[in-house]
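The lines below spell out each chain.
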Amino acid sequence: MGSKRVGLARTQALIENLKRELNLGGSQLAGVKDSVLTTTADATTTLTAADSGKVIMMTPNASAIALPDAAPGLSFKIILADDYSTASCTVTAKAGEFFAGHAIAMDSNHGNEANGSSHLVATFGSATLAGDYLYLHCNGSLWFVNGASKVKANGIVFSDS
């Protein structure tokens, strides 16, 4: 009869290569941290499917974020890293992959609804503050958004281009 002992390295390799869901039975994971990607001012950051699940810290002053091709399950948390300074920041979806949802603002009548049929751009306007955010989740054709801005006007606005 052989040994039933399985070494730590072998157990780790088996878990890492698991190709199915793992039922944790009410277990809690400790020490889990979000991966963070920080954008550069005056530059475009093009996200990929491999960036899904990351927190994107958007640096103010003309940062632009280009979303990857829509695919089911992709998600991003985009957070403005500092107060607006000199230029708006944008998040742009590819043609035909529209935003649907809203960004809550102190003034709910300030263009903060994404219509799901023509809005491709989310703009962090001239009054946005550090901590204003958008959460994006994709179903394969639409980017569902929810977010918040602490300002009444010139916060997060959705548009066609």
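Residues numbered from 1 in each chain as written. Predicted model: local features only at pLDDT ≥ 70, side-chain atom pairs only at ≥ 80, totals over all residues. Heavy atoms only, no water.

Turning to the sheet that holds strand β2 (residues 44-46), a few remarks are in order. Ordered in space as β2-β4-β6-β9-β12, the five strands form an open sheet in which the pairing is mixed. Of all the strands in the sheet, the pair left with one neighbour each is β2 and β12 (156-159). Between one strand and the next, the sheet's axes are offset by a mean angle of 20°, whatever the strand orientation. Across four bridges, the pairing between strand β9 (residues 121-124) and β12 is antiparallel. Bridge pairing links Thr123 to Val157 in β12. (Pairing = 2+ DSSP bridges. Helix = DSSP H or I, 4+ residues; strand = E, 2+ residues; numbered from the N terminus. Axes fitted to C-alpha atoms, helices over the stretch in contact; angles between N-to-C directions.)

Here we take up the confidence of the model for the protein. Per-residue confidence for the protein gives a mean pLDDT of 90; residues scoring 70 or more make up 94%. In the model of the protein, helix α1 (residues 8-16) stands out as the element of lowest mean pLDDT, 84, in contrast to strand β10 (residues 133-138), which has the highest, 98. (pLDDT = per-residue confidence, 0-100.)

The subject of this paragraph is the sheet that holds strand β11 (residues 143-148). Strands sit in the order β1-β3-β5-β10-β11-β7-β8 across an open sheet of seven strands; the sheet is mixed. One side of each edge strand has no neighbouring strand; the edge strands of this open sheet are β1 (36-38) and β8 (113-115). Sheet twist, expressed as the mean angle between neighbouring strand axes with direction ignored, is 15°.

Attention now moves to the pattern of salt bridges. In the structure shown here, the tally under the stated rule is three salt bridges. The residue Asp51 makes a salt bridge to Lys54 at a minimum N-O spacing of 3.0 Å. Notably, a salt bridge pairs Asp69 with Lys94, separated by 3.1 Å at the nearest N-O pair. With Asp69 in the loop between β4 (64-66) and β5 (75-80) and Lys94 in the loop between β6 (89-92) and β7 (99-104), this residue pair connects regions lying 25 residues apart in the sequence. The class for Asp69 is partly exposed, based on a relative accessible area of 48%. For Lys94, a relative accessible area of 37% puts it in the partly exposed group. (Salt bridge = Lys/Arg side-chain N within 4 Å of Asp/Glu carboxyl O. Buried < 20%, exposed > 50% of the residue type's maximum accessible area, 1.4 Å probe, protein only.)

With that settled, consider the environment of Phe124. Inspection of the secondary structure puts Phe124 in strand β9. Phe124 gets classed as buried once you look at its relative accessible area, which sits at 1%. For Phe124 and Phe98, which are 26 residues apart along the polypeptide, the C-alpha to C-alpha distance reads 17 Å. When neighbours within four sequence positions are excluded, Phe124 is seen to be in contact with Met58, Ile78, Leu80, Ser88, Cys89, Val91, Asp132, Tyr133, Leu134, Gly155 and Ile156. (Contact = heavy atoms within 4.5 Å.)

Under the counting rule described, the total for this entry stands at three aromatic pairs. Arranged with centres 6.0 Å apart and planes meeting at 40°, the rings of Phe76 and Trp143 form a pair that is tilted. With a gap of 67 residues between them, Phe76 in strand β5 and Trp143 in strand β11 connect regions that are remote in the sequence. Consider the rings of Tyr133 and Tyr135, whose centres lie 4.9 Å apart with planes at 40°: the pair is tilted. (Phe/Tyr/Trp six-rings, centres within 6.5 Å; stacked < 30°, edge-to-face > 60°.)

Judged by which residues are buried, β11 turns out to be one-sided: Trp143, Val145 and Gly147 face inward and are buried, whereas Phe144, Asn146 and Ala148, on the alternate face, are not. Sheet topology places β7 next to β11; six bridges connect them, and they run parallel. Bridged to His102 within β11 is Asn146. Between β10 and β11, which pair antiparallel and follow one another directly, the connecting turn spans four residues, one of which, Gly140, has a positive phi of 110°.

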